[in-house]
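Summary of the model geometry
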Amino acid sequence: MDWHDYLGPLGRGAWVTIQFTLYSMFFGAVCSFAFGIGKLSKNPFVKGFSILYIEIFRGTSLLVQLFWLFFALPIAGDMMGIDLRLSPVVAGVLALSLNLGAYGAEIVRGAIQAVSPSQYEAATALNFSSSQALWRVALPQAIPEMMPSFSNLAIAALKDTSLVSLITLHDLTFAAEQLRNFYQDSTTVYTMVLLMYFGIALVLSFFMRLIESSVTRWRGHRR
C-alpha cells in the first residue's frame, strides 16, 4: 500500500483536529477570563462558583469529563424528564473548552494578582472604580504575562483533541485507527500521524508566538 493512499483520510481527520483545537482554544479562553476574574471577585457567590468550577475540572480527568458529558449527562436528563443529549461535536468542544478554561483561569488569576499593588493605588488615586482598575490598568499589564502559559495550553489542547475519537468523532486519531485496522500497517500510519501532529503543533506555536509578540509590543506602546 502506497503512503499516498493514507493522505486523504488523514488529511480530513487533521482538519477536524484543527477545528476542535481552535474551538476549544476560543471557548477555553472565554472560560479562563470569566472564571479567573470570577475567582478574584468580592461577590461570594461568583467567587465560590468560580473556585468550584476550577477545582472540579482541574481535579478530574478530561477523559472522564468527556464521557460524563456524552454518556452520563443524557441518562441524568432522562431521569429528570429533560433531553440533555449532546452531539459528539458539542460534547467534545464543551469538554475540551471547560477543561482548558479551568487551567487557564489560574493563569489569568495569577497574572492579575502579580500586577504591582502600586498600580492599583495609582488607579485609586485617579478615582477609578474596581472595574475600571481591572480593565484599564491590571489586564493590559497582565495579558502579556499570560501569553507564554497560554501558548503551552494551546499545544496541550491540540494533543487533548485525540480523546474525541473515543466518542466516534472522525479526527486525526480516529482516522488513523481506522486505517490501521483496515490495512494492518501500524508503522506507516502512526508515523504519519506523529509527523502531522508535530507539524500542526509547530504551526500553532508559530502563531501563538506572533500573538505574544504583538501583545508585548502593544504593552510597550501603552507605556
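Our subject in this report is the structure included herewith. This structure is a prediction, so every number in the text was calculated from the model and none was measured.

Calculation criteria
- Residues numbered from 1 in each chain as written.
- Predicted model: local features only at pLDDT ≥ 70, side-chain atom pairs only at ≥ 80, totals over all residues.
- Heavy atoms only, no water.
- Helix = DSSP H or I, 4+ residues; strand = E, 2+ residues; numbered from the N terminus.
- Contact = heavy atoms within 4.5 Å.
- Areas by Shrake-Rupley, 256 points an atom, 1.4 Å probe, with all protein chains shown as cover.
- Axes fitted to C-alpha atoms, helices over the stretch in contact; angles between N-to-C directions.
- Parallel < 35°, antiparallel > 145°, perpendicular 65-115°, else oblique.
- Nonpolar A, V, L, I, M, F, W, Y, C, P; charged D, E, K, R; others polar.
- Core = buried A, V, L, I, M, F, W, Y, C linked by side-chain atoms within 4.5 Å.
- Buried < 20%, exposed > 50% of the residue type's maximum accessible area, 1.4 Å probe, protein only.
- Polar contact = N/O pair within 3.5 Å; in protein donor to acceptor, adjacent residues only side chain to side chain.
- Expected span 1.5 Å × (residues − 1).
- Bend = angle between axes of the 7 residues up to and from the residue.

To continue, consider the overall build of the protein chain. What the protein chain contains, in helices and strands, is eight helices and zero strands. What you see in the protein chain, going N to C, is helices and strands ordered as α-α-α-α-α-α-α-α. Structurally, the protein chain occupies a C-alpha span of about 70 × 50 × 20 Å along its principal axes. Counting contacts in the protein chain only where the partners sit at least 6 residues apart, residues at least 24 apart contribute 76% of the total. Of the roughly 12700 Å² of accessible surface on the protein chain, 66% is carried by carbon and sulfur atoms.

Our focus in this paragraph is the packing of helix α1 (residues 4-39) against helix α7 (residues 172-183). Where α1 contacts α7, the two axes come as close as 7 Å, and the packing angle between them is 155 degrees. Overall, the two elements α1 and α7 adopt an arrangement that is roughly antiparallel. Listed contacts from α7 to Tyr6, Pro9, Leu10, Gly13, Ala14 and Thr17 of α1 are Leu172, Ala175, Ala176, Leu179 and Tyr183. Residues of the contact of α1 with α7, tallied by class, amount to nine nonpolar, two polar and no charged.

Leu10, Ile112, Met146, Phe150, Val193 and Met208 are the most contacted members of the largest nonpolar core, which has 35 residues in total. Mapped onto this core, the elements with two or more residues apiece are α1, α4 (88-113), α6 (130-160), α7 and α8 (186-222). It is α6 that provides the largest number of residues to this core, a total of 11 residues. Leave out the neighbours within four places in its chain, and phenylalanine 150 touches Ser32, Phe33, Gly104, Ile107, Val108 and Met208. Listed in part, the 14 residues of the second largest apolar core include Val16, Phe20, Leu73 and Ile167.

In this structure, glutamine 65 sits in helix α3 (residues 62-79). Polar contacts involving the side chain of glutamine 65 include one to the side chain of asparagine 99, which spans 3.2 Å. In this view, glutamine 65 contacts Ile56, Phe57, Thr60, Ala95 and Asn99; residues no more than four positions away in its chain are not counted.

So, on to α1. In this model α1 runs 51 Å from its N-terminal to its C-terminal C-alpha over 36 residues, within 8% of the 52 Å that 1.5 Å per residue would give. Of all the bends in α1, the greatest measures close to 30 degrees and is centred on leucine 10.

Before going further, it helps to spend a moment on unusual backbone geometry. Of note in this structure, threonine 168 is not a glycine but carries a positive phi near 70 degrees. Here threonine 168 is to be found in the loop between α6 and α7. Of note in the backbone geometry, glutamine 184 takes a positive phi value of approximately 55 degrees without being a glycine. Looking at glutamine 184, the relative accessible area reads 60%, which means it is exposed.

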